[in-house]
Amino acid sequence: IKGENGISQVLLRSPRGASARVSLHGGQVRSWKSEKGEELLFTSSKAILKPPAAVRGGITICFPQFGNRGSLEQHGFARNRMWAVDENPPPFQSVDSSFKASIDLIHKSSDDDLKIWPHSYELRLRVILSFDGNLTLISRVRNGNSKPFSFSFAYHTYFSVSDINEVRVEGLETLDYFDNMCNRERFTEQGDALTFESEVDRVYLSSSDAVGVFDHELKRTFVIRKEGLPDVVVWNPWDKKSRAISDFGDEEYKHMLCVDAAAIEKPITLKPGEEWTGLVELSIGASIQ
Ligand code: TA6
């Protein structure tokens, strides 16, 4: 299908009415809807749809850099490039036989990209919508160089929430985190579950493979299950930062929360010919406990 900005998107649909839309611009997941038709991902009403910058919202792929931790543009360039449909993807890890709608996309370094990051690679993304409406993203990075390279990675995920004051994140208790609000100083999480009353911008380190975002008002939990991605980013800009972001409404911070499955603290290193896989599965549950 054609997106609002004229760029092709792939629409995945489950027999029970859940759906997802994936754009060829950045391999970005632009929408994920439940069986009831509710949009589960946040997109800013002020989002700029015209490339090259990624649309503010949905799920963007941060590669080969996370945030501004390096010399590249914020969150790396892969999310700002055009991707292609991968017609003949090499075999992925085994998939069970139940219904799945899926699409395979690929992004390779262009000559211009090689000037700013001199490592050739293939980045593949498979997006799967299951019968139950769960959304799985599997990314694979292959080193096509004669030398090793290292990278960071994140599924930068804007969840839609009813009211940020009514949200808690479970599964990060007792973990160490880097606080971007305090020059990336390292702290240890003390609380039972994370709640929000001001700007939060943290990278939690080496979390367990399941994290929950509980929306008290909607009685809904996003369950984030991940593989190959040890870290979890939690970000809400709150009021002051919101006003400084031009493609974000002043009050929109109340209705979103970014929780990203990521590999940031320890960059991934691939030898020539080696491949890395990072998976995230998003589902709706009652609770993670
Ligand atoms: O930690 C998340 C973060 O890096 C924040 O510092 C914040 O700038 C955010 O990502 C926003 O990313 P985006 O590219 O969506 O503007």
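In the block above lies the structure referred to throughout.
Residue numbers here run from 1 along each chain, matching the order of that chain's written sequence. With pLDDT at 70 or above as the cut-off, local features in this predicted model cover only qualifying residues; side-chain atom pairs require 80 or more to be listed or tallied, and sums for whole chains, interfaces and linings still use all residues. Hydrogens are left out, water is left out, and the side-chain values use all remaining heavy atoms of the structure.

**Quick look at the layout of surface pockets**
Left-over empty space is what a probe sized like a water molecule reveals as it rolls over the atoms.
And then number 1: Put simply, the grid is 1 Å and covers the protein atoms alone, a cavity is a trapped set of points that fit a 1.4 Å probe, a pocket is an open set with protein on both sides within 12 Å along at least five of seven lines, and lining residues have an atom within 4 Å of a point. Grid points are joined across faces, edges and corners, and a volume is the space filled by probe spheres set on the points. The volume enclosed by the largest pocket comes to roughly 550 Å³.
And then number 2: Lining the largest pocket are 26 residues, with Arg 56, Gln 74, His 75, His 156 and Trp 235 sitting closest to its centre.
And then number 3: The helix and strand labels rest on DSSP assignments: H or I over at least four residues marks a helix, E over at least two residues marks a strand, and numbering proceeds from the N terminus. Residue assignment for the lining of the largest pocket shows that the elements contributing at least two residues are strand 9 (149–160) and strand 16 (231–236).
And then number 4: Ten residue types, Ala, Val, Leu, Ile, Met, Phe, Trp, Tyr, Cys and Pro, are classed as nonpolar, four, Asp, Glu, Lys and Arg, as charged, and the remainder, Gly among them, as polar. Within the lining of the largest pocket, the residues separate by chemical class into nine nonpolar, nine polar and eight charged.

**A short note on the sheet that holds strand 5 (residues 84–85)**
And then number 1: DSSP bridges decide pairing: two strands pair if at least two such bridges lie between them. What the eight strands build is an open sheet, ordered 5-6-7-8-18-15-14-10; its pairing is antiparallel. With one partner strand each, in any of the chains shown, strand 5 and strand 10 (167–170) form the two edges of the open sheet.
And then number 2: Relative to strand 18 (residues 275–285), strand 8 (residues 135–143) runs antiparallel, the two being bridged by eight bridges. Residue pairing for strand 18: Thr 136 is matched across the bridge by Glu 281.

**Section: unusual backbone geometry**
And then number 1: Pro 52 follows Pro 51 through a cis peptide bond whose omega is 15 degrees.
And then number 2: Relative to the assigned elements, Pro 52 resides in the loop between strand 3 (29–33) and strand 4 (59–62).
And then number 3: Of note, the bond from Phe 63 into Pro 64 is cis; its omega dihedral lies within 30 degrees of zero at 0 degrees.
And then number 4: With respect to the secondary-structure elements, Pro 64 resides in the loop between strand 4 and strand 5.
And then number 5: In this structure, Asn 183 is a non-glycine residue whose phi angle is positive, near 50 degrees.
And then number 6: Its location among the elements puts Asn 183 in the loop between strand 11 (176–179) and strand 12 (185–188).
And then number 7: Phi is positive for Trp 238, which is not a glycine, with a value near 55 degrees.
And then number 8: Mapped onto the fold, Trp 238 is located in helix 2 (residues 238–244).

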